[in-house]
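Here are the chains, one letter per residue:
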Amino acid sequence: MNGNPAYHALALAAATLLILPVPVAILAGWTPPRLPSRAAVRPHAWALLCLYALAPLNAIPRMLDASAQVVMVCTAAGLAFSGAAVAFVVRSAWVSRRPTVGTER
């Protein structure tokens, strides 16, 4: 049912190399040049971390050949992380459109 563990390990490694460094750098203090403010960047980082959480939640139980119930629970937890990622992106959009103090005319 769970497939070849090597494919899941490759997907987990790819997600770790491609997704994880950016939010860690952002939370450590780096601000991407195209994003307007530090307040708008932090929710982006948390959204990326929520999306990264999907990779271990889906790969590790399948790599360990867990039962169908465990895989379904991890998939449901992944849906919760997806919803949290959407909420963080909406929060980031809301924060970036909010007027800042001192810019009113």
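Before we move on, could you go through the overall build of the protein chain and cite the residues and values that matter?
Check the secondary structure of the protein chain and you find four helices and zero strands. For the protein chain, the succession of helices and strands along the chain, N to C, is α-α-α-α. Relative to a compact globule of 105 residues, whose C-alpha radius of gyration would be 13 Å, the protein chain shows 17 Å and is clearly more extended. Taken along the three principal axes of its C-alpha coordinates, the protein chain extends 60 × 25 × 15 Å. Scored against the burial criterion, the 105 residues of the protein chain give a buried share of 26%. Across the protein chain, the fraction of contacts at a sequence separation of at least 24, relative to all contacts at a separation of at least 6, is 63%.

Account for the environment of Ala 40, with residues named and values stated.
Turning to its location among the elements, Ala 40 is positioned in helix 3 (residues 38-63). Sequence separation of Ala 40 and Arg 97 is 57 residues, and the distance between their C-alpha atoms is 9.1 Å.

So what's going on with the packing of helix 2 (residues 21-28) against helix 3? Which residues, and what values?
One way to put it is that helix 2 packs onto helix 3 with a least axis distance of 9 Å and a crossing angle of 145°. Crossing of helix 2 against helix 3: the hand is left-handed. Residue-level contacts link Val 22, Pro 23, Ile 26 and Leu 27 of helix 2 to Arg 38, Val 41, Arg 42, Ala 45, Trp 46, Leu 48 and Leu 49 of helix 3.

Tell me what's going on with the nonpolar core, and back it up with residues and numbers.
Ranked by size, the top nonpolar core spans five residues in total: Leu 12, Ala 15, Tyr 52, Ala 55 and Ala 59. If you list the elements that add at least two residues to this core, you get helix 1 (5-18) and helix 3. The element that contributes the greatest number of residues to this core is helix 3, accounting for three residues. Excluding residues that lie within four positions of it along the chain, Ala 15 makes contacts with Leu 20, Tyr 52 and Ala 55.

Could you give an account of helix 1, with specific residues and numbers?
With 14 residues, helix 1 ought to run about 20 Å at 1.5 Å a step, and its terminal C-alpha atoms sit 20 Å apart, in line with that. The set of residues buried in helix 1 consists of His 8, Leu 12 and Ala 15. Viewed along the axis of helix 1, the buried residues span an arc of 65°, placing them on a single side of the element. Of the exposed residues in helix 1, those oriented more than 90 degrees away from the buried face are Tyr 7, Leu 10, Leu 17 and Leu 18. Looking at the packing, one finds that the buried side of helix 1 touches helix 3. The residue sitting at the N-terminus of helix 1 and contributing the capping side-chain oxygen is Asn 4; that oxygen lies 3.1 Å from the backbone nitrogen of Ala 6.

Calculation notes
Residues numbered from 1 in each chain as written. Predicted model: local features only at pLDDT ≥ 70, side-chain atom pairs only at ≥ 80, totals over all residues. Heavy atoms only, no water. Helix = DSSP H or I, 4+ residues; strand = E, 2+ residues; numbered from the N terminus. Rg over C-alpha atoms; globule rule 2.2 N^0.38 Å. Buried < 20%, exposed > 50% of the residue type's maximum accessible area, 1.4 Å probe, protein only. Contact = heavy atoms within 4.5 Å. Axes fitted to C-alpha atoms, helices over the stretch in contact; angles between N-to-C directions. Left-handed = near helix turned anticlockwise from the far one by under 90°. Core = buried A, V, L, I, M, F, W, Y, C linked by side-chain atoms within 4.5 Å. Expected span 1.5 Å × (residues − 1). Arc of directions from axis to C-beta. Polar contact = N/O pair within 3.5 Å; in protein donor to acceptor, adjacent residues only side chain to side chain.

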